[in-house]
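Listed here are the chains, written in short residue letters.
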Amino acid sequence: EIEPDTKLDGETASDSDSKTDPAGTQQGTPTDDTPEVLNRALSSLSSRWKNWWVRGILTLAMIGFFFIIIYLGPLVLMMIVMCVQIKCFQEIIMIGYNVYHSYELPWFRTLSWYFLLCVNYFFYGETVTDYFFTLVQREEPLRILSKYHRFISFALYLMGFCMFVLSLVKKHYRLQFYMFGWTHVTLLIVVTQSHLIIHNLFEGMIWFIVPISCVICNDIMAYMFGFFFGRTPLIKLSPKKTWEGFIGGFFSTVLFGILLSYFMAGYKYFVCPVEYNSDTNRFTVDCEPPEIFQLQEYHIPAVIQSFIGWKTVWMYPFQIHSISLSTFASLIGPFGGFFASGFKRAFKIKDFANTIPGHGGIMDRFDCQYLMATFVNVYIASFIRGPNPSKLLQQFLTLRPDQQIHIFNTLKSHLTERGMLENGNGV
């Protein structure tokens, strides 16, 4: 049942979010982390409208920061993603640390951060090998590290595993295994998803910006529709969410995704894959735009023609894909937030942290983004990405000379049989 003291979208958190844990600490007690300047400026408003203005001002500030890092380019975006990942990991680990009162566990913090280092070494090492291949092959130490990368990663993990076993203490067995599992689940949720975000980024900045923007738009518009029109509770896990906000957010996000995609699809900076140029030692985003980023004429169904009077419309194919992305961001993406709400209620906390006034911690802002990143990566692999000639060539160049000659002769014979080569000499 809906708790009687809860509010709908746009209203302040209820007292039900503030509960006492078994040890008597008030984990969910809301604290006023609003900057003093805003407190003074909004002192005459009710708590409901004060929260609305605080969230609005901080949201605009975060959007402005998002524009700045986009302007700074893909390398800065990668660094920001990694910083966000580390902060999210720290917030979740600290919850386990506080909830389970793990203050006396030997090596717990050290091992948690060590495993984070190992997993990042594995994933980022894979990324470096894929996207910095020419640099890796040019430098002898990097070539050795690349060749034995997975073995080194596994060895590092085994060291952490052995350290954990050696740290087991008789009176803390169960708690230590709780925290071991807690750390690994956190790594699965946070680090792997962050790695997928970076892979999406390298496919083209549009695959990074549009999904993230759709989630942000849905969050804002669902809040706005819920704040002004919300009456019908949506889900028990998050009683402040309403059907009005959910539906309003859906239609707003789909429209926003189509318009944003139309704007971005016309710029090479956004649509070209991010590649590393070994000659200049810089990232480049210059290419001939793929077909999905070229305007095409589409015929409008006869039923719709009678309403709008148009027979055809010019669109980028990516705009059609953006409907899928924005639909997922609106209908399935919020379940990442519901999952996070259930997690916080299970441990009787209001937010993951109080990093952002009015918004909670970094994880409170990225709970839907991680789910979205996985969908985008699967979507690209299933419907967009084809064989990559540059990667095939990279692998070909790493083979022994006799293997290269064998592949060359096989390919030559195959093309000759298909009539694409004349007597193996001319095209």
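- Going by the annotation in an unreviewed UniProt entry, the name recorded for the chain is Phosphatidate cytidylyltransferase, with Staurois parvus given as the source organism.
- Quoted verbatim from the Sequence similarities (unreviewed entry) field of the UniProt record, the comment on the chain reads "Belongs to the CDS family."
- As recorded by UniProt, the Subcellular location (unreviewed entry) comment attached to the chain reads in full: "Membrane".

**Re the state of the cysteines**
So, step 1. Throughout the structure, instances matching the rule amount to one disulfide.
So, step 2. In this model cysteine 272 forms its disulfide with cysteine 287; the gap between the sulfur atoms is 2.1 Å. The sign of the -95° torsion about the S-S bond sets the cysteine 272-cysteine 287 disulfide as left-handed. With cysteine 272 in the loop between α11 (268-271) and β3 (275-277) and cysteine 287 in the loop between β4 (282-284) and β5 (296-299), the pair connects residues that are 15 residues apart, well separated along the chain.
So, step 3. A relative accessible area of 0% means that cysteine 272 is categorised as buried.
So, step 4. With no disulfide of its own, cysteine 217 lies 6.9 Å from the sulfur of cysteine 214, the closest cysteine sulfur.

**Focus on the UniProt feature "transmembrane region" (unreviewed entry) in the chain**
So, step 1. As recorded in UniProt, the sites labelled "transmembrane region" (unreviewed entry) are residues 52-84, 105-124, 151-169, 176-198, 204-230, 242-265 and 320-340.
So, step 2. Between the end C-alpha atoms of residues 52-84 there is a gap of 25 Å, over a span that is 97% helix and 0% strand.
So, step 3. As annotated, residues 105-124 comprises 85% helix and 0% strand, and the C-alpha atoms at either end are separated by 30 Å.

**Here's the deal with the packing of helix α3 (residues 74-99) against helix α15 (residues 362-384)**
So, step 1. The N-to-C vectors of α3 and α15 enclose an angle of 110°; their axes lie 10 Å apart at closest approach. Relative to α15, the element α3 is oriented roughly perpendicular. Considering the relative orientation of α3 and α15, their crossing is left-handed. Residues Val84, Gln85, Lys87, Cys88, Glu91 and Ile92 of α3 touch α15, and the partners they reach there are Ile362, Met363, Phe366 and Tyr370.
So, step 2. Split by residue class, the contact of α3 with α15 holds seven nonpolar, one polar and two charged.

**Some remarks on the packing of aromatic side chains**
So, step 1. Applying the stated criterion across every chain yields a total of 27 aromatic pairs.
So, step 2. The interplanar angle of 45° and the centroid separation of 5.3 Å between the aromatic rings of phenylalanine 115 and tyrosine 157 together place this pair among those described as tilted. Note that phenylalanine 115 is positioned in helix α4 (residues 108-131) and tyrosine 157 in helix α7 (residues 149-167), a separation of 42 residues in sequence.
So, step 3. Among the residues examined, phenylalanine 115 registers a relative accessible area of 2% and is labelled buried.
So, step 4. Measuring from ring centre to ring centre gives 5.1 Å for phenylalanine 343 and phenylalanine 347, while their planes differ by 55°; the resulting arrangement is tilted.

Thresholds applied
Residues numbered from 1 in each chain as written. Predicted model: local features only at pLDDT ≥ 70, side-chain atom pairs only at ≥ 80, totals over all residues. Heavy atoms only, no water. UniProt positions renumbered as here; feature names shortened; annotations may be inferred. Disulfide = S-S within 2.5 Å. Helix = DSSP H or I, 4+ residues; strand = E, 2+ residues; numbered from the N terminus. Buried < 20%, exposed > 50% of the residue type's maximum accessible area, 1.4 Å probe, protein only. Axes fitted to C-alpha atoms, helices over the stretch in contact; angles between N-to-C directions. Parallel < 35°, antiparallel > 145°, perpendicular 65-115°, else oblique. Left-handed = near helix turned anticlockwise from the far one by under 90°. Contact = heavy atoms within 4.5 Å. Nonpolar A, V, L, I, M, F, W, Y, C, P; charged D, E, K, R; others polar. Phe/Tyr/Trp six-rings, centres within 6.5 Å; stacked < 30°, edge-to-face > 60°.

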